[in-house]
Amino acid sequence: EQGYQRRVRGVDDGLSQLYLDGIVTLVDAHNFKRTQREADGTVTEFGRQIALADVVVLNKMDLVEEESRDSLTEEIRAMNGACVVQHTTRSRVDLEGILGIQAYTSVPPPSTVEHKLSRAISTVTLTTDKLLRKKELENTLESLLWEEPTSPLKQSHLVEDGGEMTILRMKGRVHTDTGWFMVQAVRDIYELTPIATPPSGTAPHLIFIGSHLDSQRLQNVTKMHPR
């Protein structure tokens with residue numbers, strides 16, 4: 001399971017010679033719509049694996065009508081606006097697209113996909129022109145990722161349909177009082193990695209991928225705003 005694998009690689013000294021290059025999810029394009037209908041707006045393992053992915057490989061594209069292929073890609077991008085989508089047939093994949101992608105050592109570009117509250121899993125991208133305090137940022141990330149569902153903070157994240165806002169994946173780069181950092185998070189595990197100062201004019205950003213995301217409440221907690 002992807003979240004578990006990410007956690008093990010982050011804390012197990014026995015795997016210290018290994019590193020996580022990226023998460024690849026293989027999707028059956030022919031049955032994608034049916035699987036979506038069966039989910040009926042709920043968060044399933046199918047949706048979680050797409051949310052965690054850095055690359056989504058849409059297999060069996062030869063069985064999808066040509067006029068439906070673009071909309072299928074848009075559906076994936078609506079769930080995870082930060083992933084790369086590859087089309088393939090009979091699982092023939094360009095290995096350069098799934099190996100050596102350095103998803104955890106390079107900063108992802110901001111997502112341009114609109115957040116849609118009606119989706120069980122979706123993407124929100126926020127930015128800011130202000131300098132963040134690193135300690136406050138860490139407290140914010142930990143409160144979003146670590147608080148128990150019954151805590152007052154988590155209760156404040158309940159959305160109108162009664163669902164709990166849950167962050168499955170987060171990535172981006174931020175400018176703090178101690179320098180620039182790349183942010184990577186999978187479920188309750190996060191990392192802040194120092195990075196070189198980017199070119200002038202580069203905007204900090206955070207990409208949130210999860211269920212029942214509420215853009216306004218994320219803005220309030222992070223003190224950031226939409227792109």
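Up top is the structure these notes are about.
Residues numbered from 1 in each chain as written. Predicted model: local features only at pLDDT ≥ 70, side-chain atom pairs only at ≥ 80, totals over all residues. Heavy atoms only, no water.

What follows covers the pattern of salt bridges. Applying the stated criterion across every chain, the model contains six salt bridges. The salt bridge involving Arg48 is made with Glu45; its shortest N-O contact spans 3.2 Å. Taken together, the residues span about one helical turn, with Arg48 and Glu45 both in helix 3 (residues 45-52) at a distance of three residues. Here Arg48 falls in the partly exposed class, since its relative accessible area comes to 24%. The network of salt bridges with common partners includes Asp54, Arg169 and Lys171. (Salt bridge = Lys/Arg side-chain N within 4 Å of Asp/Glu carboxyl O. Helix = DSSP H or I, 4+ residues; strand = E, 2+ residues; numbered from the N terminus. Buried < 20%, exposed > 50% of the residue type's maximum accessible area, 1.4 Å probe, protein only.)

When you line up the elements, Gln36 lands in helix 2 (residues 32-39). Overall, Gln36 belongs to the partly exposed group, its relative accessible area being 23%. Between the C-alpha atoms of Gln36 and Phe46, which are ten residues apart in sequence, the distance is 8.6 Å. Those residues within four positions of Gln36 in sequence are excluded, and the remaining contacts are Phe46, Glu75 and Met79. (Contact = heavy atoms within 4.5 Å.)

Within the secondary structure, Thr25 sits in strand 1 (residues 24-28). A distance of 2.8 Å separates the side chain of Thr25 from the backbone oxygen of Gln49, its partner in a polar contact. (Polar contact = N/O pair within 3.5 Å; in protein donor to acceptor, adjacent residues only side chain to side chain.)

We now examine the sheet that holds strand 7 (residues 189-194). Taken in spatial order, the six strands of this open sheet run 7-6-5-8-4-9, and their pairing is antiparallel. Edge positions in the open sheet fall to strand 7 and strand 9 (225-226), since each of these has one partner strand only. As paired elements, strand 5 (residues 166-176) and strand 6 (residues 179-186) share eight bridges and run antiparallel to each other. Residue pairing in the sheet places Gly172 in a bridge with Val183 of strand 6. Where helix 3 meets the sheet, its contacts fall on strand 4 (121-127), strand 5, strand 6 and strand 8 (205-211), and the angle it forms with strand 5 comes to roughly 15 degrees. Of the strands in this sheet, strand 4, strand 5, strand 8 and strand 9 touch helix 7 (residues 215-222), which is tilted by about 40 degrees from strand 4. (Pairing = 2+ DSSP bridges. Axes fitted to C-alpha atoms, helices over the stretch in contact; angles between N-to-C directions.)

Most often, soluble globular proteins have nonpolar side chains that are buried together. Counting residues in each nonpolar core, the largest one holds 25 residues, and the members touching the most others are Phe32, Ile50, Val56, Leu58, Leu72 and Ile76. Put simply, the parts of the chain that give this core at least two residues each are helix 3, strand 2 (55-59), helix 4 (66-79) and strand 8. Discounting residues that sit within four places of it in the chain, Leu72 has contacts with Ala29, Phe32, Leu58, Met61 and Val64. Leu126, Leu132, Leu137 and Ala185 belong to the second-largest nonpolar core, a separate cluster that totals 21 residues. (Core = buried A, V, L, I, M, F, W, Y, C linked by side-chain atoms within 4.5 Å.)

Bringing the packing of aromatic side chains into the picture now. Under the definition given, this model contains two aromatic pairs. Between Phe32 and Phe46, the aromatic rings sit 5.5 Å apart at their centres with planes inclined by 55 degrees, giving tilted as the arrangement. Taken together, the positions of Phe32 in helix 2 and Phe46 in helix 3 put the pair 14 residues apart, joining distant regions of the chain. With relative accessibility at 0%, the residue Phe32 sits in the buried group. Between Trp146 and Tyr190, the aromatic rings sit 6.0 Å apart at their centres with planes inclined by 45 degrees, giving tilted as the arrangement. You can see Trp146 sitting in helix 5 (residues 134-146) and its partner Tyr190 sitting in strand 7, a full 44 residues away along the chain. Its relative accessible area of 46% is what places Trp146 among the partly exposed residues. (Phe/Tyr/Trp six-rings, centres within 6.5 Å; stacked < 30°, edge-to-face > 60°.)

Here we come to the pairing of strand 3 (residues 84-87). Bridge analysis of strand 2 against strand 3 gives four bridges, and the strand direction is parallel. Its bridge partner lying in strand 3, Leu58 is registered against His87. Regarding topology, helix 4 serves as the crossover connection from strand 2 to the parallel strand 3, and that connection is right-handed. (Right-handed = clockwise from strand over helix to strand, strands pointing away.)

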